[in-house]
Amino acid sequence: MPELPEVETVRRGLLPAMENTVIAEARVNREGLRWPFPPGMAGRLTGRRVLGLRRRSKYILADLDSGETLLIHLGMSGRMRVSGEGLGVFHHAHPAPEKHDHVVLEMENGARVTFNDARRFGVMDMVATAEAEAHRLLAGLGPEPLGNSFNEDHLVAAFRGKNTPVKAALLDQKIVAGLGNIYVCEVLHRTGISPVRKAGKIGPARVASLVPAIREVLGEAIEAGGSSLRDHRQASGELGYFQHRFAAYDREGAACSTPGCSGTIRRIVQSGRSTFYCGSCQR
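Residues numbered from 1 in each chain as written. Predicted model: local features only at pLDDT ≥ 70, side-chain atom pairs only at ≥ 80, totals over all residues. Heavy atoms only, no water.

S.K.: What's the story with the pattern of salt bridges in this structure? I'm lost.
M.R.: Note on pairing: side chains with opposite charge can pair once their charged atoms come close. This structure, assessed with the given rule, holds 16 salt bridges. A salt bridge links Glu8 to Arg11, with the nearest nitrogen and oxygen atoms 2.8 Å apart. You can see Glu8 and its partner Arg11 sitting in helix 1 (residues 4-18), three residues apart, about one turn around the helix. Per residue, the accessibility class of Glu8 equals that of Arg11, and both read buried. When the shortest N-O distance is used, the salt bridge between Arg112 and Glu106 registers 2.8 Å. Of the two residues, Arg112 and Glu106, both sit in the buried class. One network of salt bridges, with partners in common, ties together Glu8, Arg11, Arg12, Arg54, Arg55, Arg56, Asp63, Glu133 and Glu144. (Salt bridge = Lys/Arg side-chain N within 4 Å of Asp/Glu carboxyl O. Helix = DSSP H or I, 4+ residues; strand = E, 2+ residues; numbered from the N terminus. Buried < 20%, exposed > 50% of the residue type's maximum accessible area, 1.4 Å probe, protein only.)

This is the structure we're talking about:
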């Protein structure tokens, strides 16, 4: 499942193709993905100008001049592909249609944006822009980890008295939005905190240290175009490469990269997900 860096990378890749540009034609090739598409979605998109593209957690939001917002979630295998020659920016010719090209947006500037999703776990929905934050998929989300409302005081308060493992706490989207398994493993390794420690038993100073580490790891991953493990591609079709910089995730049996540590990376399962950490330097 794409995490915040992958979704942010896709959003940035869509900007030159979509922002402040009219959707000349929208084509919808099936009734829905994970859930049915909203009624008349193709008609509600066609002729509308995209005023802005923003991200909330793992969702991309395209605000339209109609007062509606197109909400996009990539799901497990969803890809947003940009092609065309518009403005000399989109250097990829339009490819032949593929079996799983479920939604196609022909932009007025000559770009084509295609939502391809082989497993059909993605989501597209439309909501009034003024009510977007109350959408059932967005309501209740915690603060953005790269925003000002996510800070040391917030995280210390959220962890206080919490009896769940710290990894589970950081994956709780009500505490902080957008974090997933990969980057939580990396953050905990960087801060030397064991993923099995109870969140409420970690001292305030160590909890506070998670905030800059989260921002650093996410920032580095976005700069690297995200992590391409299975399905993730940037909007240009290129791979992300942050996976080559993993210190913990997917490195079971490898030597720990922490200076002075002689441990190796272990793998355990927490809540059905693989956790990678060093049992020597993460306490």
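Continuing now.
S.K.: Would you take a moment to explain the nonpolar core for this structure?
M.R.: In summary, soluble globular proteins display a tendency toward joint burial of nonpolar side chains. Residues Leu155, Phe159, Val166, Leu170, Leu210 and Ile214 are the most contacted members of the largest nonpolar core, which totals 38 residues. Mapped onto this core, the elements with two or more residues apiece are helix 3 (152-159), helix 4 (166-171), helix 5 (181-191), helix 6 (204-223) and strand 10 (273-278). Considering each element in turn, this core owes the most residues, nine residues, to helix 6. Sequence-distant contacts of Phe159, that is, excluding residues within four places in its chain, are made with Val166, Ala169, Leu170, Ile175, Ala199, Gly200, Val207 and Leu210. One finds Val7, Val10, Leu14 and Met107 within the second-largest nonpolar core, a separate group that totals 29 residues. (Core = buried A, V, L, I, M, F, W, Y, C linked by side-chain atoms within 4.5 Å. Contact = heavy atoms within 4.5 Å.)

S.K.: Looking at this structure, I do not really get the side chain of Asp125. What am I missing?
M.R.: Examined against the element boundaries, Asp125 turns out to sit in strand 8 (residues 123-128). This buried residue, Asp125, is left without a salt bridge; Arg136 holds the nearest opposite charge, at 4.9 Å. Apart from residues lying up to four places away in sequence, Asp125 is in contact with Pro38, Thr69, Leu70, Leu71 and His135. (Lys, Arg positive; Asp, Glu negative; His and termini not counted.)

S.K.: Please clarify how the pairing of strand 6 (residues 101-107) should be interpreted in this entry.
M.R.: Both faces of the sheet carry side chains from a regular strand, because those side chains alternate between them. Within strand 6, seven of the seven residues are buried, which leaves the element mostly enclosed by the surrounding structure. In this sheet, strand 6 lies alongside strand 1 (residues 21-28) in antiparallel orientation, the contact comprising five bridges. Each residue of the ladder has a partner; that of Val28, found in strand 6, is Val103. In the sheet, strand 6 pairs with strand 7 (residues 112-116) via five bridges, with the strands oriented antiparallel. Counted as the bridge partner of Leu105 is Val113 from strand 7. In sequence, strand 6 turns back onto strand 7 through a hairpin of four residues, with Gly110 there showing a positive phi of about 95°. (Pairing = 2+ DSSP bridges.)

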